[in-house]
Amino acid sequence: MDSIQKQTQFFRSLPLGYYHLCSDGWQKGKLFHTDEQYAFGVSGLAISTLIHGVKIYAYELMPNHFHILLCATGEQCLSLFFYVIRRINKKLKEAGFPCLPDDYWFKLVPIKNKEQMKDLIVYLARNKFEKGACTPFGHKWGTGGLPYNQLAEFITGTQVRDMSQRELEQLVGSRTSLPADWEIHPVLGILPKNFVCIDKVLQLFPTVKEYTTRMVKQYESAVIIADSVGESIEWSAEEAKDILMNLCNRLFPGKRLYDLTVDEKGRLAVQADSLYHLPTPTLSKHLQLSEYVIRQFLHSKDYGLKRIK
């Protein structure tokens, strides 16, 4: 029995709960190349809430992977994944793009409490922002812009009741009966306001200030979430400096970053690598130590990573 078969059996045993479903990052290709393919992907999520009975609270479609925060059983999560992947492959094949590999898979991480769910909602909203493409509230293939957005109500589409069955099938690629009041946008497809359980998000973030303030990266929680699904964190120069300064205050109260001794900078580098995965070139730049010296500290018996794990 291979690892995917074992994971499938395990996922099937998982009870109803909150989960972070994150598909693998496809390094040799893309799941989505065009707006039409993205819209088809969103429609797949929407239809899954009807045919698989899942509840979706947030999602982000990225070029080579996707994230979903949902309430479901493990069995339902599997059904959703296979359904969405079949639809993605169909669109890729129609457009002449390479299809996903047979072993394309996903990770399923249980969400244990409200704080973890809030951290994940923010993490997903920042996903496209981290790539420098838009604000955390501006990605058209995600849900970060739904809460507290007065402009969202003006993004409308044609209601299902006003469309023929043929039109619907062409747009969403399914004969599944959709609620009559659902709206379908000519570019965005089935609008997320129709199927995303935004009320839950508003309960978790009862004020707009709490929601927007939380969008300032929570460094520790971002690392934990990224590690749980095998993603790497990309820190900006400003974020890296902020991390090091905060860590300096915790380890060496009253000292400034640039006043540290070489020994203290080495201890700081080890902690920054272990806790935040700051890369060696970044540590070298901000600590004004050579990369060679940084690596020596990281592998030192007295200061290195093995000692603190």
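In this report, the structure presented in the accompanying data block is examined.

The rules behind these values
Residues numbered from 1 in each chain as written. Predicted model: local features only at pLDDT ≥ 70, side-chain atom pairs only at ≥ 80, totals over all residues. Heavy atoms only, no water. Pairing = 2+ DSSP bridges. Helix = DSSP H or I, 4+ residues; strand = E, 2+ residues; numbered from the N terminus. Axes fitted to C-alpha atoms, helices over the stretch in contact; angles between N-to-C directions. Expected span 1.5 Å × (residues − 1). Core = buried A, V, L, I, M, F, W, Y, C linked by side-chain atoms within 4.5 Å. Buried < 20%, exposed > 50% of the residue type's maximum accessible area, 1.4 Å probe, protein only. Contact = heavy atoms within 4.5 Å.

Take the sheet that holds strand β4 (residues 106-110) next. In spatial order, the strands read β2-β3-β1-β4; together these four strands make up an open sheet with antiparallel pairing. One side of each edge strand has no neighbouring strand; the edge strands of this open sheet are β2 (55-62) and β4. Strand-to-strand twist across the sheet, computed as the mean angle between neighbouring axes with direction ignored, equals 15 degrees. The pairing of strand β1 (residues 17-23) with strand β3 (residues 65-72) spans six bridges and is classified as antiparallel. Opposite Tyr 19, over in β3, you have Leu 70 as the bridge partner.

This part covers the sheet that holds strand β6 (residues 183-185). Strand order in this open sheet of three strands is β5-β6-β7, and the pairing throughout is antiparallel. The sheet is open, and its two borders are formed by β5 (158-159) and β7 (189-190), each paired with just one other strand. In terms of strand pairing, β5 meets β6 through two bridges, oriented antiparallel. Paired with Gln 159 across the two strands is Glu 183, which belongs to β6.

The next point concerns helix α2 (residues 35-51). In this model α2 runs 24 Å from its N-terminal to its C-terminal C-alpha over 17 residues, within 8% of the 24 Å that 1.5 Å per residue would give. Just downstream of α2, Gly 53 is the residue with a positive phi angle, here 75 degrees.

Moving on: the nonpolar core. Membership of the largest hydrophobic core comes to 49 residues, with the highest contact counts inside it found for Leu 21, Phe 66, Leu 70 and Phe 195. The set of elements that each furnish at least two residues to this core consists of β1, α2, β2, β3, α3 (74-94), β4 and α5 (165-172). Counting residues per element, this core draws most heavily on α3, which supplies nine residues. Those residues in contact with Leu 21 that lie beyond four places of it in its chain are Phe 66, His 67, Ile 68, Leu 70, Cys 77, Leu 80, Phe 81, Phe 106, Lys 107 and Leu 108. Among the nonpolar cores identified, the runner-up in size contains 44 residues, and Val 122, Tyr 123, Ile 233 and Ile 294 belong to it.

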